[in-house]
Amino acid sequence: MKKYLLVALMFISVLGIGIFSSHAVNVSGDSKGITENPPYTPDPVYYMAEDEEVNYEVYKELFDQTFPTTSLFIDLPSVNYTYSGGLFEEDQPYIDEFVDDQGVVKTGLYIPETGDVTVDFDLENSGYYNVKIYYYTVEGRSAAIQRGIKINGKYPFIEARNISLSRVWMDSFNVSEERESGRNDKKPQQIEVRLWTEETLRDTRGYYHDPYHFYFDKGKNSLTLVSQREPIVIAAIELYQSETIPTYEEVLLEYQKQNLQKVNNVMVKVQAEESYQKSSPTLSPIANFSSYKIEPYEKFMVRYNTIGGENWRVAGDWISWQVEVPEDGLYLITFKALQNFNRGIASSRTLYINGRIPFEEAKRINFSYSNDWQNVTLGNDEGEPYYFYLTKGVNEI
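This structure is a prediction, so every number in the text was calculated from the model and none was measured.

Helix and strand counts for the protein stand at two helices and 29 strands. Every one of the 397 residues in the protein was classed for burial, and the buried ones make up 52%. When contacts within the protein are restricted to residue pairs at least 6 apart in sequence, long-range pairs at least 24 apart make up 80% of them. Summing over all exposed atoms, the protein offers an accessible surface of approximately 18500 Å²; the carbon and sulfur share of this is 47%.

Structure follows, in structure tokens:
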């Protein structure tokens, strides 16, 4: 028997939404397999744009297609910055050490919810760069962190007016740990985990698969974080080129070069309602009574046995699970899933393994419509399964 990982989930999808994140399993209600670069469709925030602004699809073709291999790391506590537009005199930026819930200590610049922060810097080479933010999710109102991005005083493209950085949430306990025979399951509270994390700026609405590229001139430049929602602590901003993601065919060749083997005769099962982390408190366990095919299932009793559903339709949301495997090797991954929202339309997810997209095709994993629960082994449209390399011990999916 081949080695499988089974995860039980419920998907209910919405056409035309897709997301990406810097870590874990990225989720969306989406059928964005129509085109690789879907046409730009405005949503309400985009109507704020000025007439001369362009969308990202146009912007990324405006300048010479130069992508410098040099990078720039801007340590915010060590550079001069300007702050303007704050609404509250008692709530001002400051530099301090911040300890996250995993004991990681870093120095960062606290930026209030209101007011804009601008940093100036010099670049060796002009061209398109990805922008990564190293940040800490300081206490706020528990909403996603949002900022606009200006380059040299102007929004480079319409979508840069509103960019989201996610917070991290966990269940207060695993459902199975508190389960009692003859009693309804208790629902865990959602607890925010304050962490130092990093995220490359990207479109969380799903119109574009890859992280944004911002064009900078050689020499002096400025970058402004425009206040939108929630305070944030930032340790650094990095201008760089994100790694090129290989195709599955290229990954298979690498497997062969490294003599990586498919491992047989072991199955590891993870109940999806017992997630590791997530981007929203709405992604809590769900009691589903639709079928005896899901577990646990018990008549006339509330059993939290799935996750997702209508709450999993928001672009930018993600869920992760920890999976412990007994040895290094190549694994198949199977989801027990229900996708019954739109007939004839696939719902898609982007898959991360230990914080990285393993290959290009994993940017869009499709789950087809069905009125019944399906065991979906991840693979291509021809039904050929994908093999994923996992290391012995705990892996994050």
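Here we take up the sheet that holds strand β5 (residues 81–84). Spatial ordering of the open sheet is given by β5-β8-β16-β10-β11, a layout of five strands whose pairing is antiparallel. Every other strand in the sheet has two partners, leaving β5 and β11 (163–165) as the edge strands with one partner each. Across this sheet, the average inter-strand angle for adjacent strands is 30 degrees, counted without regard to direction. Bridging between strand β10 (residues 145–151) and β11 involves three bridges; their strand directions are antiparallel. Across the sheet, Q146 pairs through a bridge with S164, a residue of β11.

With respect to the element layout, Y297 can be found in the loop between β20 (285–287) and β21 (304–309). Taking the relative accessible area as the measure of exposure, Y297 reaches 35% and is therefore partly exposed. Along the primary structure Y297 and A287 are separated by 10 residues, whereas in three dimensions their C-alpha atoms are 9.4 Å apart. Sequence-distant contacts of Y297, that is, excluding residues within four places in its chain, are made with F289, S291 and Y292.

Among the 10 residues that make up strand β9 (residues 127–136), 10 are buried, leaving the element largely enclosed by the rest of the structure. Taken together, the three bridges between β9 and strand β15 (residues 214–216) define a ladder with antiparallel strand orientation. Within the sheet, the bridge partner assigned to Y128 lies in β15 and is Y215. Pairing analysis gives seven bridges linking β9 to strand β17 (residues 232–240), with the strands arranged antiparallel. If you follow I133 over to β17, its bridge partner there is I237. Where β9 and strand β14 (residues 196–200) come together, five bridges link them in antiparallel fashion. Within β14, the residue paired with K132 across the bridge is T200.

Right, let's get into helix α2 (residues 248–257). Buried within α2 we find Y248, V251 and Y255. Projected down its long axis, α2 carries its buried residues within an arc of 55 degrees, all on one side. For α2, the exposed residues lying more than 90 degrees away from the buried face are E249, Q256 and K257. Buried positions along α2 lie against β24 (329–337) and β28 (388–390).

The grouping of V58, L62 and F63 at the surface amounts to a nonpolar patch, some 250 Å² of accessible area in total. Position of V58 among the secondary structure elements: in helix α1 (residues 56–59). Taking the relative accessible area as the measure of exposure, V58 reaches 39% and is therefore partly exposed.

Right, let's talk about the environment of T377 for a bit. Among the secondary structure elements, T377 is positioned in strand β27 (residues 374–377). In sequence terms T377 and F335 are 42 residues apart; their C-alpha atoms lie 6.4 Å from each other.

Considering all chains together, one arrives at 20 salt bridges under this definition. A salt bridge links K220 to D122; the nearest nitrogen and oxygen atoms lie 3.7 Å apart. Placement of the pair is K220 in strand β16 (residues 219–229) and D122 in strand β8 (residues 116–123), with a sequence separation of 98 residues. Of the residues examined, K220 reaches a relative accessible area of 71% and is grouped as exposed. Linking K132 and E198 is a salt bridge whose minimum nitrogen-to-oxygen distance equals 3.4 Å. One end of the pair, K132, is in strand β9; the other, E198, is in strand β14, with 66 residues separating them in the sequence. According to the relative accessible area criterion, K132 is buried, its value standing at 14%. Assessed through its relative accessible area of 35%, E198 is described here as partly exposed.

Below, the discussion takes up the confidence of the model for the protein. Confidence in the prediction of the protein, expressed as mean pLDDT, is 86, and 87% of residues score 70 or more. Predicted confidence for residues 1–50 stays below pLDDT 50, and this span has 219 contacts to residues more than four positions away or in other chains.

Aromatic rings in a pair are described by how distant their centres are and how their planes are angled relative to each other. Here the structure, examined in full by the defined rule, presents 28 aromatic pairs. Aromatic pair Y56 and Y208: ring centres 5.2 Å apart, planes at 75 degrees, arrangement edge-to-face. Of this pair, Y56 sits in helix α1 while Y208 sits in the loop between β14 and β15, and the two are 152 residues apart along the sequence. By relative accessible area, Y208 is classed as buried at 2%.

Bringing the side chain of Q146 into the picture now. With respect to the element layout, Q146 can be found in strand β10. Taking relative accessible area as the criterion, Q146 reaches 16% and is therefore assigned buried. If we skip the residues at most four places from it in the chain, Q146 touches N162, I163, S164, V226, Q228 and R229.

Conventions and cut-offs
- Residues numbered from 1 in each chain as written.
- Predicted model: local features only at pLDDT ≥ 70, side-chain atom pairs only at ≥ 80, totals over all residues.
- Heavy atoms only, no water.
- Helix = DSSP H or I, 4+ residues; strand = E, 2+ residues; numbered from the N terminus.
- Buried < 20%, exposed > 50% of the residue type's maximum accessible area, 1.4 Å probe, protein only.
- Contact = heavy atoms within 4.5 Å.
- Areas by Shrake-Rupley, 256 points an atom, 1.4 Å probe, with all protein chains shown as cover.
- Pairing = 2+ DSSP bridges.
- Axes fitted to C-alpha atoms, helices over the stretch in contact; angles between N-to-C directions.
- Arc of directions from axis to C-beta.
- Patch = residues over 30% accessible without salt bridge, like charges linked within 9 Å, V, L, I, M, F, W, Y side chains within 5 Å.
- Salt bridge = Lys/Arg side-chain N within 4 Å of Asp/Glu carboxyl O.
- pLDDT = per-residue confidence, 0-100.
- Phe/Tyr/Trp six-rings, centres within 6.5 Å; stacked < 30°, edge-to-face > 60°.

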